[in-house]
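# Inside the fold
One letter stands for each residue in the lines below.
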Amino acid sequence: MDLISALESLEPELEKGLDQASSLDELEQLRIEFLGRKGRLAQIMSQLPELAAEERPAFGQKANVVKERANASFEKRRDELLAAREAAALARFDASMPGRKPNKGSLHPDTLIMEEICGIFGKLGFDIAQGPEVEIDHYNFEALNMPPEHPARDMQDTLYITDTILMRTHTSPVQVRTMLARRPPLAVVVPGKVYRRDSDLTHTPMFHQVEGLMVGKKITMAHLRGILTAFVRGVFGPATQVRFRQSFFPFTEPSAEVDISCFLCGGAGHLGHDSCRVCKGTGWVEILGCGMVDPAVFEAVNYPSDLSGFAFGLGVERIAMLKYGIGDLRMFFENDLRFLTQFGA
Ligand code: PHE
């Protein structure tokens, strides 16, 4: 076949190929086949020297026209295929479908309850104080009237870093730190993590407490009772009753444990004929320990002896379990989203 007719037959073949190309990939293959550096047009052109000199200009012109038209055809086909692809995507797209909601995080129930507790005490005039979770024996025990070998230490075994450095067993060391750093009068609440060598259904090696401390002149147990009553009514509702039961802590004297009337049965101890499962039929649930700051603690921080004050400490998970009716403490630390997302703000 002579070169001119080879050139002429290129165009209908290309048109046929373009019609058949059904994707951009196929189109690109076709472009390489016809217009690539070693493509069919290039091969025809490479035979130019074989033509007689007088035939070359006309052939060259024709080849250029073919090349330009081919390029234009490719471009047109590419636009068509792009438009078809877009139309297909649009056909699948239903603008009336509800959008996909992004997965929003939610605050951990511990965080929510701590914020709620600190918010209530904030309105009552308390500041927030914090202290380290890795604590020295002196602040965790000794300054709180628990010298070495004191039997009360047994109840709060913990993880020791060295003989004198440990993971704090309660937030009470922040009482000591606060009194060393500030002059009275003062009122603080201390939210934070605490650690104990404990692990069963109702105890985890780490849990959260909120400590409270108020120190000034003529602070009495009546103030303690009034503040705690306002607090439990804020968390559990205005009808909640409060009861003090005498107790013991080395760093408070006198000491008490506080019970609230059971919010599930309203203090009756039963629901219809069934014994109440929250208070186990007693009508009361224990929620915290408290007392008047022991003079030995004031002495340890060099506070004058004419001061008085109260302190309390409560378990955050315990409050959350009571408030939300959660039966298993371990839920708090298993990071199961089905549990955690139920408490979203
Ligand atoms: N620190 C005590 C505990 O963890 C609670 C407490 C705090 C009691 C303050 C009295 C006063 O058990």
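As the structure is a prediction and not an experimental result, all values here were calculated from the model.

In this section: the domain arrangement of the protein. According to the domain assignment, the protein contains domain 1 (3-92) and domain 2 (109-343). The gap between the C-alpha centroids of domain 1 and domain 2 is 83 Å.

Next up on the list: the state of the cysteines. Scanning the model with the defined rule gives zero disulfides in all. C262 provides the cysteine sulfur closest to C276, a residue in no disulfide bond, and the two sulfurs are 3.7 Å apart.

Turning to helix α10 (residues 316-324), its buried residues are V316, E317, I319, A320, M321 and L322. Taken together, the buried residues of α10 touch α5 (109-123), β5 (206-216), α8 (221-236), β10 (284-293) and β11 (308-315). G325 lies just past α10 and shows a positive phi near 65°.

Before going further, it helps to examine the site of the ligand. Near the ligand there are 15 residues, and of these H170, S172, R196, Q209 and G313 occur at the shortest range. At 2.9 Å from a nitrogen atom of the ligand is found a side-chain nitrogen or oxygen belonging to S172. Separating an oxygen atom of the ligand from a side-chain N or O atom of R196 is a distance of 2.8 Å. Notes on the ligand: free accessible area 320 Å², of which the protein chains cover 92%. Taken atom by atom, the bulk of the ligand overlaps the largest pocket. Examining the composition of the shell around the ligand, we find that three residues originate from one element, β11, more than from any other. Its residues assigned to classes, the shell around the ligand shows five nonpolar, eight polar and two charged.

The calculated volume of the largest pocket comes to roughly 1,400 Å³. Secondary-structure elements contributing two or more residues to the lining of the largest pocket are β5, β6 (242-249), β7 (252-261), β10, β11 and α10. Broken down by element, the lining of the largest pocket gets its largest block of residues, eight residues, from β10. Across the lining of the largest pocket, the residue classes tally to 24 nonpolar, 15 polar and 10 charged.

How each quantity is defined
Residues numbered from 1 in each chain as written. Predicted model: local features only at pLDDT ≥ 70, side-chain atom pairs only at ≥ 80, totals over all residues. Heavy atoms only, no water. Domains from an automatic or database assignment. Disulfide = S-S within 2.5 Å. Buried < 20%, exposed > 50% of the residue type's maximum accessible area, 1.4 Å probe, protein only. Helix = DSSP H or I, 4+ residues; strand = E, 2+ residues; numbered from the N terminus. Contact = heavy atoms within 4.5 Å. Near = heavy atom within 4 Å. Polar contact = N/O pair within 3.5 Å; in protein donor to acceptor, adjacent residues only side chain to side chain. Areas by Shrake-Rupley, 256 points an atom, 1.4 Å probe, with all protein chains shown as cover. 1 Å grid on protein atoms, 1.4 Å probe; cavity = no way out; pocket = protein on both sides within 12 Å on 5 of 7 lines; lining within 4 Å. Sits in = over half its atoms within 2 Å of the grid points. Nonpolar A, V, L, I, M, F, W, Y, C, P; charged D, E, K, R; others polar. Points joined across faces, edges and corners; volume = space filled by probe spheres on them.

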